[in-house]
Amino acid sequence: MDKIWDYIVNKMPGEIMISLLIMLLIAIFAIILGHAIKKADPTKPPKGLAFIADWLVEFSLNTIDNNLGDAYDFAAPYFIFLITFIPLAFMAGLFGLASPMTYFTIPLCLALVSWFGIQISAIVYQKFDYLKGFTSPLPAWLPVFVPINMLSKLSPLLSLSIRMFGNALAGSILLWLVYWATGSLSSLIFSHLNVFGMIITPVLHAYFDIFSTFIQTLIFVLLTMQLISIEIPAPVHKKKKTAKKEEKRVC
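What comes next concerns the included structure. (Residues numbered from 1 in each chain as written. Predicted model: local features only at pLDDT ≥ 70, side-chain atom pairs only at ≥ 80, totals over all residues. Heavy atoms only, no water.)

## Regarding the overall build of the chain
Okay, step 1: In terms of regular secondary structure, the chain is built from nine helices and zero strands.
Okay, step 2: Along the chain, from the amino end to the carboxyl end, the secondary structure elements read α-α-α-α-α-α-α-α-α.
Okay, step 3: The C-alpha radius of gyration computed for the chain amounts to 24 Å, which surpasses the reference 18 Å derived for 251 residues by more than 25%, pointing to a less compact arrangement than a globule.
Okay, step 4: In terms of principal-axis extent, the alpha carbons of the chain reach across some 80 × 60 × 45 Å.
Okay, step 5: Within the chain, residue pairs in contact and separated by at least 24 positions form 67% of the contacts whose partners lie at least 6 positions apart.
Okay, step 6: Carbon and sulfur atoms make up 73% of the accessible area of the chain, which totals about 16,200 Å². (Helix = DSSP H or I, 4+ residues; strand = E, 2+ residues; numbered from the N terminus. Rg over C-alpha atoms; globule rule 2.2 N^0.38 Å. Contact = heavy atoms within 4.5 Å. Areas by Shrake-Rupley, 256 points an atom, 1.4 Å probe, with all protein chains shown as cover.)

Structure (structure tokens):
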């Protein structure tokens, strides 16, 4: 226990601590939204927090239904988490905090969850054809293309993780260089006050920490859905219960 506490206090990277804090805030916000929905009048249009919760759920379900089918409605909580976590992680820099997305482990973990979802979906719907795909386009008894096909299976993991990490790191480095350059220039005229930085950097923050944030979130979410839809006969609909099962249930 002492070693764990020592790691948290002295050794844990700041990006992971900020990531845990963001997840805690999301969990608290979700609990508040849940109470708001319970208190809301179902006969009236939702307002305030209930409206936000309703919009998040409806937007996620509609997007999933259009890309994957209603059989994947169970994945809505994951996509809602992505829609909330990724923007907050990117925008942490606006508050002078370390952005979790500049720590490769965090975008890699998000990409891993999506990658496992892609592979599990492929196994469930392709069954034995999933294994045969490793030798494609040659017959199964001639495994010449196995290494290449294995790399193609891993490529979504690299694509999803490196894209977010690269954008976050590039924005962070560029802003650091601009702060350094404007600070050096301002020090020659205004002593210790970075006047040029206060003029130039808000525009860059608006792009890298706000506009680019929502673009990266949209790309990650839609690309995850698109990669899953390639592996399944999308859209996949829920299996309807037969009339006999319905009669038994009524009885």
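Continuing now.
## Thoughts on the environment of Ile123
Okay, step 1: Relative to the helices and strands, Ile123 is located in helix 5 (residues 105-126).
Okay, step 2: Residues Ile123 and Ile232 lie 109 residues apart in sequence; the distance between their C-alpha atoms is 9.2 Å.

## Some details on the nonpolar core
Okay, step 1: Formed by 35 residues in total, the largest nonpolar core has its most connected members in Phe85, Ile86, Met101 and Leu110.
Okay, step 2: Put simply, the parts of the chain that give this core at least two residues each are helix 2 (14-39), helix 3 (49-67), helix 4 (76-91), helix 5, helix 7 (146-190) and helix 8 (195-231).
Okay, step 3: A per-element tally of this core places helix 4 first, with nine residues. (Core = buried A, V, L, I, M, F, W, Y, C linked by side-chain atoms within 4.5 Å. Buried < 20%, exposed > 50% of the residue type's maximum accessible area, 1.4 Å probe, protein only.)

## What about the packing of aromatic side chains?
Okay, step 1: Across all of its chains, the model carries ten aromatic pairs by this definition.
Okay, step 2: Feature note: the residues Tyr72, Phe74 and Tyr125 constitute an aromatic cluster, connected by ring pairs.
Okay, step 3: Above the plane of the ring of Phe134 lies Lys153, whose end atom (NZ or CZ) is 5.8 Å from the centre. (Phe/Tyr/Trp six-rings, centres within 6.5 Å; stacked < 30°, edge-to-face > 60°. Lys NZ or Arg CZ within 6 Å of the ring centre and 35° of its normal.)

## As for the packing of helix 4 against helix 5
To characterise two packed helices, one gives the angle between the axes of the helices and the distance between these axes.
Okay, step 1: The N-to-C vectors of helix 4 and helix 5 enclose an angle of 160°; their axes lie 12 Å apart at closest approach. In terms of axis orientation, helix 4 runs roughly antiparallel to helix 5. Read as a crossing pair, helix 4 and helix 5 show a hand that is left-handed. Only Ile106, Leu110, Val113 and Ser114 of helix 5 make contact with helix 4, whose side of the interface consists of Tyr78, Phe81, Leu82, Phe85 and Ile86.
Okay, step 2: Tallied by class, residues from the contact of helix 4 with helix 5 come to eight nonpolar, one polar and no charged. (Axes fitted to C-alpha atoms, helices over the stretch in contact; angles between N-to-C directions. Parallel < 35°, antiparallel > 145°, perpendicular 65-115°, else oblique. Left-handed = near helix turned anticlockwise from the far one by under 90°. Nonpolar A, V, L, I, M, F, W, Y, C, P; charged D, E, K, R; others polar.)

## A few points about the side chain of Thr182
Okay, step 1: Within the secondary structure layout, Thr182 lies in helix 7.
Okay, step 2: Accessibility expressed as a relative area gives 7% for Thr182, which makes it buried.
Okay, step 3: A distance of 2.7 Å separates the side chain of Thr182 from the backbone oxygen of Val178, its partner in a polar contact.
Okay, step 4: In this structure the side chain of Thr182 is engaged in a polar contact, spanning 3.3 Å, whose partner is the backbone oxygen of Tyr179.
Okay, step 5: Sequence-distant contacts of Thr182, that is, excluding residues within four places in its chain, are made with Asn194, Phe196, Gly197 and Ile200. (Polar contact = N/O pair within 3.5 Å; in protein donor to acceptor, adjacent residues only side chain to side chain.)

## Let's talk about the pattern of salt bridges
Okay, step 1: Summed over the entire model, instances satisfying the criterion amount to one salt bridge.
Okay, step 2: In this structure, the salt-bridge partner of Lys132 is Asp129, at a minimum N-O distance of 3.7 Å. Here Asp129 and Lys132 lie together in helix 6 (residues 128-132), a separation of three residues that amounts to about one turn. (Salt bridge = Lys/Arg side-chain N within 4 Å of Asp/Glu carboxyl O.)

## Remarks on a nonpolar patch on the surface
Okay, step 1: A surface patch of nonpolar side chains, amounting to about 980 Å² of accessible area, comprises Leu21, Leu24, Leu25, Ile28, Phe29, Ile32, Leu49, Phe51, Ile52, Trp55 and Phe59.
Okay, step 2: Among the elements of the structure, helix 2 and helix 3 are those that each provide at least two residues to the nonpolar patch.
Okay, step 3: Looking at the nonpolar patch element by element, the count peaks at six residues for helix 2.
Okay, step 4: One can find Leu49 in helix 3.
Okay, step 5: With a relative accessible area of 33%, Leu49 lands in the partly exposed category. (Patch = residues over 30% accessible without salt bridge, like charges linked within 9 Å, V, L, I, M, F, W, Y side chains within 5 Å.)

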